[in-house]
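Residues per chain, in single letters:
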Amino acid sequence: MQLERTLRGLTQAGAVVAALCIWALTGIIGFDVLARATGHPTLWAGEMSVYLMIALGFMGAAHTLERDGHFRVGLVADRLPGRGSVWLDLAVTLVGFGFVALFAFGSIQLVMMLRSLGFRSSTLMQVPTWIPMAPVALGSVFLASAMLLRAMAVWRSLRQHSQPAPRAEHTV
């Protein structure tokens, strides 16, 4: 299905950007360690590291969901009879999708507003504030895509009376 392929492409794009953030963080922190060791600390590494960590978290969230890497609390779901846990999974996924979709919409609006107003950070680098906010908005879109994919998979499993969608092995 074309929609599923597109949504999977979005989550994969987020995973690639998250991986690039890890490499950039490694390089920046490594450079800063060497610079400090030689008595020439950077003024920008800390700020850039924070921006990259935020981007990493938001850009990688969809990939983590797709791989079922987020934690779950199975206290209620594990006690439901029959396919009750699958129905609960669908309901929770749809509610989560709604929340993340609204968050993505608001984040996109915030990025556009920050860009139009020209706000800058109050730090030494004076980064335009829409730049570190953009990965939050984009990552939220990717996460909403992954949640929609998950809901489609759970719905399909309910319709086909097959095994439930994959669940985390370690539940609390």
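S.K.: Got a minute to help me understand helix 2 (residues 45–66) in this structure?
M.R.: Given 3.6 residues per turn, any residue in an α-helix points the same way as the ones three and four places further on. Its 22 residues give helix 2 an end-to-end C-alpha distance of 32 Å, which sits within 8% of 32 Å, the value for a rise of 1.5 Å per residue. In the structure, helix 2 departs most strongly from a straight axis at Gly60, where the bend amounts to approximately 40°. Among the residues of helix 2, Ala45, Glu47, Ser49, Tyr51, Leu52, Ala55, Met59, Gly60, Ala61, Ala62 and Leu65 are the ones counted as buried. Where helix 2 is buried, its residues touch helix 1 (2–37) and helix 4 (130–159). Where helix 2 ends, the next residue or the one after it, Asp68, has phi of about 60°, a positive value.

S.K.: Explain the packing of aromatic side chains to me, please; I cannot follow it from the model alone.
M.R.: Two aromatic rings, taken as a pair, are described by how far apart their centres are and by the angle between their planes. Applying the stated criterion across every chain, the model contains 3 aromatic pairs. On the numbers, 6.0 Å between centres and 25° between planes, the contact of Phe31 with Trp44 is stacked. Placement of Phe31 in helix 1 and of Trp44 in the loop between helix 1 and helix 2 is noted, with a sequence separation of 13 residues between them. Exposure remark for Trp44: the relative accessible area of 33% places this residue in the partly exposed category. Note on Trp87 and Trp155: the rings are 6.2 Å apart at their centroids and 75° apart in plane angle, and the pair reads as edge-to-face. One end of the pair, Trp87, is in helix 3 (residues 84–117); the other, Trp155, is in helix 4, and 68 residues separate them in sequence.

S.K.: How should I be thinking about the nonpolar core in this particular structure?
M.R.: Nonpolar side chains tend to gather and get buried jointly when the protein is soluble and globular. Ala18, Met59, Ala61, Ala62, Leu65, Val100, Phe142, Leu143, Ala144, Ala146 and Met147 form the largest nonpolar core, which has 11 residues in total. Taken together, the elements giving at least two residues each to this core come down to helix 2 and helix 4. Among the elements that take part in this core, helix 4 stands out by supplying 5 residues, more than any other. The residues contacting Val100, other than those within four sequence positions of it, are Ser140, Leu143, Ala144 and Met147. Membership of the second largest hydrophobic core comes to 6 residues, among which are Leu25, Ile28, Ala45 and Leu52.

S.K.: Explanation requested: the pattern of salt bridges in the structure shown.
M.R.: Side chains carrying opposite charge are able to pair once their charged atoms draw close together. For the structure on display, the rule yields 6 salt bridges. One salt bridge in this structure joins Glu66 and Arg8, with 3.0 Å as the shortest N-O distance. You can see Glu66 sitting in helix 2 and its partner Arg8 sitting in helix 1, a full 58 residues away along the chain. Judged by relative accessible area, Arg8 falls into the partly exposed class, the value being 42%. Asp89 serves as the salt-bridge partner of Arg150, at 2.6 Å between the closest nitrogen and oxygen. Residue Arg150 is found in helix 4, and its partner Asp89 is found in helix 3; the two are separated by 61 residues along the sequence.

S.K.: Explain the environment of Leu143 here, please?
M.R.: Within the secondary structure, Leu143 sits in helix 4. Among all residues touching Leu143, those that are not within four sequence positions of it are Ala61, Ala62, Leu65 and Val100.

S.K.: Just checking my understanding: could you explain the side chain of Ser121 for this structure?
M.R.: For Ser121, the location among the structural elements is in the loop between helix 3 and helix 4. Among the polar contacts listed, one links the side chain of Ser121 to the side chain of Thr123, at a separation of 2.8 Å. Aside from chain neighbours lying at most four places away, what touches Ser121 is Glu47, Tyr51, Gln126, Val127 and Thr129.

Parameters and conventions
- Residues numbered from 1 in each chain as written.
- Predicted model: local features only at pLDDT ≥ 70, side-chain atom pairs only at ≥ 80, totals over all residues.
- Heavy atoms only, no water.
- Helix = DSSP H or I, 4+ residues; strand = E, 2+ residues; numbered from the N terminus.
- Expected span 1.5 Å × (residues − 1).
- Bend = angle between axes of the 7 residues up to and from the residue.
- Buried < 20%, exposed > 50% of the residue type's maximum accessible area, 1.4 Å probe, protein only.
- Contact = heavy atoms within 4.5 Å.
- Phe/Tyr/Trp six-rings, centres within 6.5 Å; stacked < 30°, edge-to-face > 60°.
- Core = buried A, V, L, I, M, F, W, Y, C linked by side-chain atoms within 4.5 Å.
- Salt bridge = Lys/Arg side-chain N within 4 Å of Asp/Glu carboxyl O.
- Polar contact = N/O pair within 3.5 Å; in protein donor to acceptor, adjacent residues only side chain to side chain.

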